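In case you want the letters, here they are:
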Amino acid sequence: MSKTNERRLTIARAMAEAVQQEMQLDPSVFVMGEDIGALGGVYGNTRGLLDEFGPQRIRDTPISETAFIGAAVGAAQDGMRPVVELMFVDFFGVCFDAIYNLMAKNNYFSGGSFKVPMVLMTSTGGGYSDAGQHSQCVYGTFAHLPGMKVVAPSNAYDAKGLMTAAMRDDSPVVYMYHKGLQGMGWLGTEAGATVHVPEESYTLEIGKAKVVRPGKDVTIVSLGMGVHNALKAAMRLEEQGVSAEVVDLVSLVPLDRDTIRASVAKTGRLIVVDEDYMSYGVSGEIIASVTEHDISVLKAAPKRVAFPDVPIPFARVMEQYCLPNPDKIVEAWSRMQAA
Amino acid sequence: MSPTRDELHWMYRNMVTSRSFEEAIAKIYFEGKTPVFNMANGPIPGEMHLSDGQEPVAVGVCAHLNRTDVVTATHRPHHQAIAKGVDLDRMAAEIFGKSTGLSGGRGGHMHIFDPEVNFACSGIIGQGLGPAVGAALSRQMQDKPGVAVAFIGEGAVNQGAFHEAMNLAAVWKLPFICVIEDNSWGISVPKQSSTAIANNAERAAAYGIPGMRVEGNDPYAIYDAAGEAIARARAGEGPSLLEIETYRLAGHFMGDAEGYRPKGEKDALQEADPIPRMRTRLLTDGVASESELAAIESESLARVEAAIRFARDSEDPAPEDALTCVFAA
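These figures come from a predicted structure and were not determined experimentally.

K.L.:
An account of the overall build of chain A is requested, with residue identities and associated values reported.
P.N.:
Across its full length, chain A holds 12 helices and 14 strands. Its C-alpha radius of gyration of 20 Å places chain A within 12% of the 20 Å reference for a compact globule of 339 residues. Considered along the principal axes of its C-alpha atoms, chain A spans approximately 60 × 50 × 40 Å. For chain A, the proportion of its 339 residues judged to be buried stands at 62%. Contacts in chain A between residues at least 24 apart in sequence constitute 80% of all its contacts with a sequence separation of at least 6. For chain A, the computed accessible surface area is about 12400 Å², with 53% contributed by carbon and sulfur atoms.

K.L.:
Help me get a handle on the UniProt feature "domain: Transketolase-like pyrimidine-binding" (unreviewed entry) in chain A, residues and values and all.
P.N.:
Per the UniProt record, "domain: Transketolase-like pyrimidine-binding" (unreviewed entry) is annotated on residues 9-184 of chain A. Helix makes up 39% of residues 9-184 of chain A and strand 18%, with an end-to-end C-alpha separation of 12 Å.

K.L.:
If you had to explain the domain arrangement of chain A to someone new, which residues and values would you point to?
P.N.:
Residues and elements named next belong to chain A. According to the domain assignment, chain A consists of domain 1 (8-196) and domain 2 (210-338). At the junction of the two partners, domain 1 supplies 31 residues and domain 2 supplies 26 residues. Taking both sides of the interface into account, the surface hidden between domain 1 and domain 2 amounts to around 2200 Å²; carbon and sulfur atoms contribute 56%. Across the contact surface, domain 1 and domain 2 share two salt bridges. Between Lys232 and Glu190 there is a salt bridge; the shortest N-O distance is 2.6 Å. Counting across the interface, domain 1 meets domain 2 through 18 residue pairs in polar contact (both at pLDDT 80 or more). Within the residue set of the side of domain 1 that touches domain 2, elements represented by two or more residues are helix H6 (139-144), strand E6 (149-151) and helix H7 (156-168). Examining the composition of the side of domain 1 that touches domain 2, we find that four residues originate from one element, H6, more than from any other. Split into classes, the residues belonging to the side of domain 1 that touches domain 2 amount to 15 nonpolar, 13 polar and three charged.

K.L.:
Tell me about the environment of B:Trp10, residues and numbers included.
P.N.:
Residues and elements named next belong to chain B. Structurally, the position occupied by Trp10 is in helix H1 (residues 5-29). Judged by relative accessible area, Trp10 falls into the partly exposed class, the value being 30%. As for Trp10 and Ile230, which are separated by 220 residues in sequence, their C-alpha atoms are 18 Å apart.

K.L.:
Please set out the sheet that holds strand E14 (residues 303-307) of chain A residue by residue, giving values where relevant.
P.N.:
Residue and element names in this part refer to chain A. Taken in spatial order, the five strands make up an open sheet running E9-E11-E10-E13-E14, and their pairing is mixed. Sheet topology places strand E9 (210-213) and E14 at the edges, where each strand pairs with a single neighbour. Averaged over all neighbouring strand pairs, the angle between strand axes comes to 25°, with direction disregarded. Here strand E13 (residues 270-277) runs beside E14; their pairing, made up of five bridges, is parallel. Bridging across to E14, Asp274 finds its partner in Ala306.

K.L.:
Can you tell me about the sheet that holds strand E3 (residues 148-153) of chain B, naming the residues and giving the values?
P.N.:
Residues and elements named next belong to chain B. Across the sheet, which stays open at both edges, the six strands sit in the order E2-E1-E3-E4-E8-E7 with parallel pairing between neighbours. Each having just a single partner strand, strand E2 (119-121) and strand E7 (211-214) make up the two edges of the open sheet. Shown here is a sheet whose adjacent strand axes are inclined to one another by a mean of 20°, direction ignored. Relative to E2, strand E1 (residues 70-73) runs parallel, the two sharing three bridges. Paired with Thr72 across the bridge in E2 is Ala120. In the packing of helix H2 (residues 55-62) onto the sheet, contacts are made with E3, strand E4 (176-182) and strand E8 (240-245), and the angle to E3 comes to roughly 170°. Lying on the sheet, helix H8 (residues 219-234) is in contact with E4, E7 and E8; it crosses E8 at an angle near 170°.

K.L.:
Break down the interface of chain A and chain B for me, with residues and values.
P.N.:
Taken together, the 38 residues of chain A in the interface contact 43 residues of chain B. Here chain A is connected to chain B by zero salt bridges. Secondary structure elements with two or more residues in the side of chain A that touches chain B: strand E4 (81-88) and helix H11 (316-322) of chain A. Considering every element that reaches the side of chain A that touches chain B, the biggest residue donor is H11(A), with five residues. Each residue belonging to the side of chain A that touches chain B can be placed in one class, and the counts come to 23 nonpolar, eight polar and seven charged.

K.L.:
Could you give an account of unusual backbone geometry, naming the residues involved and the relevant values?
P.N.:
Negative phi is the rule for most residues except glycine; trans is the rule for most peptide bonds. For the peptide bond that leads from A:Val253 to A:Pro254, omega is -5°, which places it in the cis range. One can find A:Pro254 in the loop between strand E12 (251-253) and helix H9 (257-267). Residue B:Pro35 follows B:Thr34 across a cis peptide bond; omega there is 0°. The backbone of A:Ala131 sits at a positive phi, close to 65°, despite the residue not being glycine. Phi angles above zero are rare outside glycine, and B:Asn217 is one such case at about 50°. Residue placement: B:Asn217 occurs in the loop between E7 and H8.

K.L.:
Any details on the packing of aromatic side chains? Residues and values, ideally.
P.N.:
Each pair of aromatic rings is reported with the distance of its centres and the angle of its planes. Counted by the stated rule, this structure contains 16 aromatic pairs over all chains. Positioned above the aromatic ring of A:Tyr321, the side-chain terminus of A:Lys328 is 6.0 Å from the ring centre.

About the cut-offs
- Each chain carries its own residue numbering, running from 1 in the written order of its sequence.
- As a convention, the first chain written is A and the first ligand written is 1, with the rest following in written order.
- In keeping with the model being predicted, local features are shown solely for residues with a pLDDT of at least 70 and side-chain atom pairs are shown and tallied solely at 80 or more, while totals for entire chains, interfaces and linings include all residues.
- Heavy atoms throughout the structure, all of them, feed into the side-chain values; hydrogens and water do not.
- In this description a helix means any DSSP run of H or I spanning at least four residues, a strand means any run of E spanning at least two, and both kinds are numbered starting from the N terminus.
- C-alpha atoms define the radius of gyration in this analysis, and the globule rule sets the expected value at 2.2 Å times the number of residues to the power 0.38.
- Under the scheme applied here, a residue whose accessible area is under 20% of the maximum for its type counts as buried, over 50% as exposed, and between as partly exposed, the area being computed with a 1.4 Å probe on protein chains only.
- Here, residues are in contact when the closest pair of their heavy atoms is within 4.5 Å.
- The protein chains shown are the only cover counted for residues, whose accessible areas, like all others here, come from Shrake-Rupley with a 1.4 Å probe.
- UniProt positions are given in the numbering used here, feature names are shortened, and annotations may be inferred rather than shown by experiment.
- An automatic or database domain assignment is the source of the domain bounds shown.
- Summed over both partners, the accessible area (1.4 Å probe) lost when two parts come together is defined as the buried area.
- We define a salt bridge as a contact between a side-chain nitrogen of Lys or Arg and a carboxyl oxygen of Asp or Glu at a distance within 4 Å.
- Definition of a polar contact: a pair of N or O atoms within 3.5 Å, with one able to donate and the other able to accept a hydrogen when the atoms are protein atoms, and with sequence-neighbouring residues admitted only if both atoms are side-chain atoms.
- Think of it as three bins: nonpolar holds Ala, Val, Leu, Ile, Met, Phe, Trp, Tyr, Cys and Pro, charged holds Asp, Glu, Lys and Arg, and polar takes everything else, Gly as well.
- Strand pairing follows a simple DSSP-based rule, namely that at least 2 bridges must link the two strands.
- Axis lines are fitted to C-alpha atoms, over the contacting stretch for helices. Their N-to-C directions set the angle, which ranges from 0 to 180 degrees.
- The criterion for an aromatic pair is that two Phe, Tyr or Trp rings (for Trp, the six-membered ring) have centres within 6.5 Å, with stacked assigned to planes under 30 degrees apart, edge-to-face to planes over 60 apart and tilted to the rest.
- Put simply, a charge is over a ring when the Lys NZ or the Arg CZ is close to the ring centre, within 6 Å, and near the line of the ring normal, within 35 degrees.

What follows is the structure, given as structure tokens:
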């Protein structure tokens, strides 16, 4: 692709474009959520859609997540393909029954006779001092519960392809986008998230991880914002003569264990980077996926760089102390060598 | 029930203190956030929800409360915290994320907790209702004095928690008052687009309890209505629901472009600013002299400046303090 053909979009615009194109193709797709109409979404991922599709298909809701996510389940079972937004994933506490007991289970309970083709998109992540009710990732919480696919893009190309795939999927998909990658005017954005995005509609396979940087000495596995931290750490390790491979999980459910195992089989070392809480989560699952399969490939005990098991603090110094960053990943490599 | 002269002076003082506080925060908030606005930067990072214009609700209700009464507040809590008597120095320090803050910087502006005056917050819409009902239950069970007030926004009545908490408080006849601050906007969504009825006080009928709506963002009328509801609760006659019309003079959060507001709305709201209105009435009624009001204003400003200075001069927490306070010591 030559530079002149580059079409660099933020994740917010890539998501909006995917929804726009799918709504043009498929009249059963519609969007519900708080402030997704005139405002275009607090994170910009429905911007422009109200003007094109009107308030019937771009529906601002009351602050009633239990009602509108539950309604999305019912609409999905009745032939629609709703896209609903939970503004902050932290708000799942007020509406989780609709998510994990209805959305995630009705296909199973009905023996497959009721499909629930809906997308639940929700913002994740901290790093900007929004404290413990507005900064969480809770990836592991969603991925733990069976019946819903879970994806988390790290860049705009993946964001568009995943969104289109999610809307076409006959199963519910939880689409977790990171605020720090989104490209909002009021928050800094990781530069690596804004990449070329083809204009035409396309899908990315849900359940397929990507090797985003090849290497031979250590595998760093992450998702969302963590991928960018991993890539930065990999560049630093390269200066030390260490060749790090970076795997972007892209999807948590289904989890592409084959790609992870193949990478670790090659490098013999594994570091998992996760902005979610350390215990009982994604980092443990990735390590178990390797060790229970074939522990003999490991030349060193795996390491994880994850959020400690504490609520996310407000004060910048405390929050930054807790968050994963490239330094901590490089340090994890050093600890691995010292062991 | 009419406010006494002392109460009126107290109400005006707290309204002015609250406004001065928000104005100070608004100014400092943009430090380090220009020329490119990034919420993560500056001495006060993160989201900031200011209460300019909503002061009458806080003072009209809290004029009837004492330190032992319980208040739960929202993501926009500063005016309520000030009126409830939360330690201003430590609240400012918390908003700056300093070690001297109410929670040592763990909570920030949406999570103001002061046990000395029984004040707590939640940043999640409607979720302060349950804890306020629970505090009322605790007072009833222990036969201890005190009432619990949950402040919520008008958008919060559409949360399931509202219905559940109201019914629970009513069926157990608890000393609880739900105060809806109706600023007519849920971020960008106007009340009439989100709520099936115009007057949420009518919902009280669903629980068999008194409900009253107060128009005009008027501290005198709010004082009257709240006084009645709180007296009822203190007398063991059960909960009440108040919906109070108020104005959000600020955006939903600092940095909000407010493109969703109809043209002219903001100017009209500024015209109706409750603080100059109360000032005029105090003078007209002969309840305060010009020099008394000037003294209240300068003392309030000095109080705020001292709190801001305390916050600025305080130390950051130690980074590893993040790992403490997860469990009870």
